[in-house]
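This is what each chain is made of:
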Amino acid sequence: MDTQSAILAFSQSEKIKAGLIWTSQTIEMVMGLPDQNKPGAEQIITALVSMVANEIHLGMKIAPNEHWEAALKHINNAIVMLNSKVIHDVPFHLSKALSHVTSIGQAAMTRLREDDLV
């Protein structure tokens with residue numbers, strides 16, 4: 001990984017990690033809502049997960065790494081769970097994606113430290 005890719009990978013991973021954490025927290029709130037409010041909230045969560053997937057696709061293009069594909073696989077599984085109305089299983093897949101994205105950020109940070117940029 002060159003310096004430019006490390007900077008892009010680190011930046012992108014931090015943005016995606018934030019999205020994954022916010023989405024997981026939102027799901028926890030949705031599970032406590034009255035049943036009549038859940039469909040609308042689930043649509044918002046689906047939109048958030050789709051936005052995270054788009055950011056992962058961007059990460060794949062600007063800073064290739066095999067962990068992006070693994071993260072995207074878990075995001076796609078989360079979308080399947082949302083579409084199947086099994087929202088309580090979505091945080092599991094988001095946490096798996098978070099693990100892969102964190103690995104990308106750690107590798108990028110290691111490279112930036114080696115280059116004495118941080």
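Everything numeric here is computed off the predicted structure, so don't read it as measured data. (Residues numbered from 1 in each chain as written. Predicted model: local features only at pLDDT ≥ 70, side-chain atom pairs only at ≥ 80, totals over all residues. Heavy atoms only, no water.)

Caption draft 1: Main features of the overall build of the protein. Helix and strand counts for the protein come out as 4 helices and 0 strands. Once the C-alpha set of the protein is aligned to its principal axes, its extents read approximately 55 × 20 × 20 Å. The buried share of the protein, taken over its 118 residues, is 36%. Expressed as a percentage of contacts within the protein between residues at least 6 apart in sequence, the contacts between residues at least 24 apart total 69%. Total accessible area on the protein stands at roughly 6,600 Å², and carbon and sulfur atoms take up 57% of it. Taking the average location of the 9 positive side-chain charges in the protein and that of its 12 negative ones, the two points are 3 Å from each other. (Helix = DSSP H or I, 4+ residues; strand = E, 2+ residues; numbered from the N terminus. Buried < 20%, exposed > 50% of the residue type's maximum accessible area, 1.4 Å probe, protein only. Contact = heavy atoms within 4.5 Å. Areas by Shrake-Rupley, 256 points an atom, 1.4 Å probe, with all protein chains shown as cover. Lys, Arg positive; Asp, Glu negative; His and termini not counted. Charge placed at Lys NZ, Arg CZ, Asp CG, Glu CD.)

Caption draft 2: Geometry of helix α3 (residues 66-83). Along its 18 residues, α3 runs 26 Å from first to last C-alpha, staying within 8% of the 26 Å computed at 1.5 Å per residue. For α3, the full list of buried residues reads W68, A71, L72, H74, I75, A78, I79 and L82. End-on view of α3: buried residues confined to an arc of 165 degrees, all on one side of the axis. α3 presents E66, E69 and K73 as exposed residues on the side facing more than 90 degrees away from its buried surface. On its buried face, α3 is in contact with α1 (3-30), α2 (38-62) and α4 (90-114). A positive backbone phi angle near 65 degrees is found at K85, which sits one or two residues after α3. (Expected span 1.5 Å × (residues − 1). Arc of directions from axis to C-beta.)

Caption draft 3: Representation of the pattern of salt bridges within the structure. Counted by the stated rule, this structure contains 5 salt bridges. Close ionic contact of K17 with E14 constitutes a salt bridge, the shortest N to O distance being 2.8 Å. Of this pair, K17 and E14 both sit in helix α1, 3 residues apart, roughly one helical turn. With relative accessibility at 19%, the residue K17 sits in the buried group. D35 is the partner of K38 in a salt bridge, and the nearest nitrogen-oxygen pair spans 3.6 Å. (Salt bridge = Lys/Arg side-chain N within 4 Å of Asp/Glu carboxyl O.)

Caption draft 4: A look at unusual backbone geometry. In this structure, K85 is a non-glycine residue whose phi angle is positive, near 65 degrees. The class of K85 is exposed, set by a relative accessible area of 60%. With phi around 55 degrees, D116 is a residue other than glycine that occupies positive phi space. Structurally, D116 can be placed in the segment after α4.

Caption draft 5: Spatial organisation of the environment of I79. Among the structural elements, I79 can be located in helix α3. Spatially, the C-alpha atom of I79 lies 9.5 Å from that of I45, the residues being 34 residues apart in sequence. Discounting chain neighbours no more than four positions away, the residues touching I79 are V49 and S50.

Caption draft 6: How the structure looks around the nonpolar core. Counting 28 residues, the largest nonpolar core has I16, L20, I45, V49, I56, I75 and L94 as the members making the most contacts within it. Secondary structure elements with two or more residues in this core: α1, α2, α3 and α4. Once you skip the residues sitting within four places of it in the chain, V49 turns out to touch T23, I75, I79, L82 and L94. (Core = buried A, V, L, I, M, F, W, Y, C linked by side-chain atoms within 4.5 Å.)

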